[in-house]
Amino acid sequence: MYPVAVDMPLSSSVDASPLYAPTIKGSTLSNGASIVARHSRADNVSLKFVLSCGSRAELFPEKGAAHLLAHSAFAGTQKESGLRLMRSLENHGCTVGASANREQIVFSVNTPAEFVDFAMEKVTEAVFSPPQFSHAIEERKSVAALDYDTLKSCPQTALTELLHEAAYGDGTPMGSSLFASDLKKLEVGDVMEYRLRNFKTNHLTILASGLALDSVELSAKKFLDPAEAFPVANIPSGFMGG
């Protein structure tokens, strides 16, 4: 015999709502840093440190700085080398990453919930404390160069560059390329000038997933210097395309 399907009406007492609804809240610290937190029940917490600068904030000699800094995100700080920084993060179960585009540079970390303060401290230090030695950034050029090879070989990447140029105009902050015209000629001194000018707390938004807003605020206040706030530069770049 074949099993017989029987319609079983749902009881009116069944609650179809989720067991736990995540909440999203935001705030701004006194130093200008913004925080957006999505609170949910999770064993791991995701933190993203978003700096609102990107390649649009580069001066002409700095072209390519944002992209190179993303590849140098965890290359070291004033306190420790990149190797020690990465080992300490890995030993606490943290995984990190970084990326850059025309509008943002993003440092990210996924961490076990019990090590949120540790991850906040280390990534905050990576953002606001540059490597002690310039060769730590110079050495990352070989890794960054792989993206330049992709630009030459990937039609989608090349098309994105051309679309920005057509839409905003060649030479404008949003129309200029994310990449340096010659990566080998990009001076670390110019990269550091860009970093010093743009890596400020009021350019920063911390996005947290898996943690309540008050917990993120408490952790961030421990490691973000209130004196880091500076006026945010207005970078106009009007759309020109049709």
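Caption draft 1: Molecular detail of the pairing of strand β1 (residues 23–28). Pairing analysis gives six bridges linking β1 to strand β2 (residues 34–39), with the strands arranged antiparallel. When the sheet's bridge partners are listed, Gly26 is paired in β2 with Val36. Between β1 and β2, which pair antiparallel and follow one another directly, the connecting turn spans five residues, one of which, Gly32, has a positive phi of 95°.

Caption draft 2: Highlighting the packing of aromatic side chains. Enumeration over the complete set of coordinates arrives at three aromatic pairs. A centroid spacing of 5.8 Å and a plane angle of 70° characterise the contact between Phe74 and Phe107, whose relative ring orientation is edge-to-face. Separated by 33 residues along the polypeptide, Phe74 in the loop between α1 (65–71) and α2 (82–91) and Phe107 in strand β5 (residues 105–112) bring together distant segments of the chain. Pair check on accessibility: Phe74 and Phe107 agree, each one buried. Pairing Tyr148 with Phe179 gives two aromatic rings, centres 5.0 Å apart and planes at 65°, and the pair type is edge-to-face. You can see Tyr148 sitting in helix α5 (residues 141–153) and its partner Phe179 sitting in the loop between α6 (155–168) and α7 (188–198), a full 31 residues away along the chain. Each member of the pair, Tyr148 as well as Phe179, carries the same accessibility label: buried. Members of the aromatic cluster, joined through ring pairs, are Phe74, Phe107 and Phe199.

Caption draft 3: Up close: the confidence of the model for the protein chain. Here the protein chain shows a mean pLDDT of 87. Residues at 70 or above account for 85%. Taken element by element, the predicted model of the protein chain shows its lowest mean pLDDT in α5 (88) and its highest in β5 (98). Scored below 50 in pLDDT, residues 229–237 makes 18 contacts in the model with residues more than four places away or belonging to other chains.

Caption draft 4: Structural view of the environment of Lys221. Structurally, Lys221 can be placed in helix α8 (residues 213–223). Spatially, the C-alpha atom of Lys221 lies 8.0 Å from that of Leu29, the residues being 192 residues apart in sequence.

Caption draft 5: Focus on the side chain of Thr201. Mapped onto the elements of the fold, Thr201 is located in the loop between α7 and β6 (204–209). Classification of Thr201 as buried rests on a relative accessible area of 0%. Among the polar contacts made by the side chain of Thr201, one reaches the main-chain carbonyl oxygen of Asn31 at a distance of 2.8 Å.

Cut-offs used in this document
Residues take numbers from 1 onward in each chain, read along the sequence in its written order. The model is predicted, so local features are restricted to residues of pLDDT at least 70 and side-chain atom pairs to those at 80 or more, both for listing and for counting; the totals for chains, interfaces and linings are taken over all residues. Side-chain metrics rest on all non-hydrogen atoms present in the structure, leaving aside hydrogens and water. Here, strands pair whenever DSSP counts at least two bridges between them. Per the convention used, a helix needs a DSSP run of H or I reaching at least four residues, while a strand needs a run of E reaching at least two, with both numbered from the N terminus. In this analysis, rings of Phe, Tyr and Trp, with Trp reduced to its six-membered ring, are considered paired at centre separations within 6.5 Å, and the interplanar angle assigns stacked below 30 degrees, edge-to-face beyond 60, and tilted for intermediate values. Throughout, exposure labels follow a simple rule: accessible area from a 1.4 Å probe, protein chains only, divided by the maximum for the residue type, with under 20% read as buried, over 50% as exposed, and the rest as partly exposed. One confidence number per residue, pLDDT, is output by the predictor and ranges from 0 to 100. Contact between two residues is taken to exist if any of their heavy atoms lie within 4.5 Å; hydrogens are not considered. N or O atoms closer than or at 3.5 Å make up a polar contact, with two conditions inside protein: a donor-capable atom paired with an acceptor-capable one, and, for residues adjacent in sequence, both atoms drawn from side chains.

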